[in-house]
Amino acid sequence: MISNYVMRVYPHYKDVNALLFEQIQKYACLDVKGCGMRTEFQTGLQDEGPGRIGGEPLSQLFGWIEDQLPHLAWTLGKWSNSAFNQNPYPHRYAIADYWGMVYNRGGGSQRHNHYPWPLSFTYYVNVPEGSSCLMLEGEKVGVSDGRLLVFPAHLFHWVEPTPVDGRTMIAGNISYDPDLSHLNIVSGPSA
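Residues numbered from 1 in each chain as written. Predicted model: local features only at pLDDT ≥ 70, side-chain atom pairs only at ≥ 80, totals over all residues. Heavy atoms only, no water.

Novice: Residues and numbers for the sheet that holds strand 6 (residues 119–126), please.
Specialist: Reading across the sheet, the 7 strands line up as 1-9-6-11-4-3-2 and stay open at both edges, with antiparallel pairing between neighbours. Across the chains shown, the open sheet's two edge strands, defined by having one partner strand only, are strand 1 (6–9) and strand 2 (30–32). Put simply, the sheet's adjacent strands are angled 30 degrees from each other on average, direction ignored. As judged from the 4 bridges shared by strand 1 and strand 9 (residues 147–152), these two strands associate in the antiparallel manner. Of the residues in strand 9, the one forming a bridge with arginine 8 is leucine 148. Across the sheet, helix 1 (residues 13–27) touches strand 1, strand 3 (36–38), strand 4 (91–103), strand 6 and strand 11 (167–178), and the angle it forms with strand 6 is around 95 degrees. Across the sheet, helix 2 (residues 56–77) is in contact with strand 1, strand 4, strand 6, strand 9 and strand 11; its angle to strand 4 comes to roughly 120 degrees. (Pairing = 2+ DSSP bridges. Helix = DSSP H or I, 4+ residues; strand = E, 2+ residues; numbered from the N terminus. Axes fitted to C-alpha atoms, helices over the stretch in contact; angles between N-to-C directions. Contact = heavy atoms within 4.5 Å.)

Structure (structure tokens):
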């Protein structure tokens, strides 16, 4: 069966989610269309600071996510008959940018996508009972604490207004860097 997303549960979510929840709640001060709140957009791992989430728990979580990405990307694309699936060369993925999100009662997000990124992710830090699902191309996707979802970034997704306070997550985009060193490509203008 073809799926629009793949899901994993972070095995150490109970160890890190409380600290991540505290940071996101503290720094999510920017309005999102749909009445959600977010932190600053971030690139690379940074220390916690005004508008930013960070530190060792985030570093551990992101290390685990990046370790999962080659298999998750293969799982998403295995049905495509793409040459990508037959390429014996390494596929390298990295978290390119990320931000924390908080949805309190009545908060949600408008329909959007993350094109031109190849993949996007959501990681759920706190999902109180009764929280809204993620809507992905019109499909309701259940969310829970510690759940990681990875999906093609061009897919439209949104969050309906949530009836409870505290739905908290980290969202981000994933870059793809094929190893093309075996092709001996010369870049730039020829002499």
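Novice: Talk me through the packing of helix 1 against helix 2; I want residue IDs and the actual numbers.
Specialist: The geometry of helix 1 relative to helix 2 is characterised by a closest axis approach of 9 Å and an angle of 125 degrees between their N-to-C directions. By the angle class used here, helix 1 and helix 2 are oblique. Seen from above, helix 1 lies across helix 2 with left-handed handedness. Contacts between helix 1 and helix 2 involve Val16, Leu19 and Leu20 on the former and, on the latter, Pro57, Leu58, Gln60 and Leu61. Class assignment of the residues belonging to the contact of helix 1 with helix 2 gives a composition of 6 nonpolar, 1 polar and no charged. (Parallel < 35°, antiparallel > 145°, perpendicular 65-115°, else oblique. Left-handed = near helix turned anticlockwise from the far one by under 90°. Nonpolar A, V, L, I, M, F, W, Y, C, P; charged D, E, K, R; others polar.)

Novice: I'd like to hear about the side chain of threonine 39, residue by residue, with values.
Specialist: With respect to the helices and strands, threonine 39 occurs in the loop between strand 3 and helix 2. The exposure class of threonine 39 is buried, given its relative accessible area of 0%. (Buried < 20%, exposed > 50% of the residue type's maximum accessible area, 1.4 Å probe, protein only.)

Novice: Describe helix 2, listing the residues and the values that go with them.
Specialist: Count 3.6 residues to each turn of an α-helix, and residues three or four apart come out pointing the same way. With 22 residues, helix 2 extends 32 Å between its outermost C-alpha atoms, agreeing within 8% with the 32 Å of an ideal straight helix rising 1.5 Å per residue. Largest kink in helix 2: about 45 degrees, centred on leucine 69, with the proline proline 70 one to four residues after it. Every buried residue belonging to helix 2 is among Pro57, Leu58, Leu61, Phe62, Trp64, Ile65, Leu69, Leu72, Ala73, Leu76 and Gly77, and all of these are buried. (Expected span 1.5 Å × (residues − 1). Bend = angle between axes of the 7 residues up to and from the residue.)

Novice: Go over unusual backbone geometry, please, and point to the residues and values.
Specialist: At the junction of tyrosine 115 and proline 116, the peptide bond is cis and its omega measures out at 20 degrees in the coordinates. Residue position: proline 116 is located in the loop between strand 5 (109–112) and strand 6. With phi around 80 degrees, cysteine 35 is a residue other than glycine that occupies positive phi space. Of note, cysteine 35 is situated in the loop between strand 2 and strand 3. With relative accessibility at 60%, the residue cysteine 35 sits in the exposed group. Of note in the backbone geometry, glutamate 137 takes a positive phi value of approximately 55 degrees without being a glycine. Tracing the sequence through the fold places glutamate 137 in the loop between strand 7 (134–136) and strand 8 (139–141). The partly exposed category is assigned to glutamate 137, whose relative accessible area is 41%.

Novice: Which residues make up the nonpolar core, and what are the values?
Specialist: In this structure, Leu61, Phe62, Ile65, Phe121, Tyr123, Val150 and Ile170 are the most contacted members of the largest nonpolar core, which totals 28 residues. Put simply, the parts of the chain that give this core at least two residues each are helix 1, helix 2, strand 4, strand 6, strand 9 and strand 11. Of the residues forming this core, the biggest block, 9 residues, is contributed by helix 2. Excluding residues within four positions of it along the chain, valine 150 makes contact with Asn4, Tyr5, Val6, Leu69, Leu72, Leu76, Leu119, Ser120, Phe121 and Ile174. Of all hydrophobic cores here, the second largest spans 15 residues; its members include Tyr103, Val127, Leu155 and Val159. (Core = buried A, V, L, I, M, F, W, Y, C linked by side-chain atoms within 4.5 Å.)

Novice: For the environment of tyrosine 123, give the residues involved together with the corresponding values.
Specialist: Take tyrosine 123: it is sitting in strand 6. The class for tyrosine 123 is buried, based on a relative accessible area of 0%. Distance in space between the C-alpha atoms of tyrosine 123 and aspartate 145 is 8.2 Å, their sequence separation being 22 residues. Tyrosine 123 has contacts with Tyr10, Tyr13, Val16, Asn17, Leu20, Leu61, Gly146, Arg147, Leu148, Met169 and Ile170, leaving out every residue within four places of it along the chain. Within the local environment of tyrosine 123, its side chain forms a polar contact with the side chain of asparagine 17, the two groups lying 2.6 Å apart. (Polar contact = N/O pair within 3.5 Å; in protein donor to acceptor, adjacent residues only side chain to side chain.)

The values reported here are purely geometric and, on their own, carry no functional implication.
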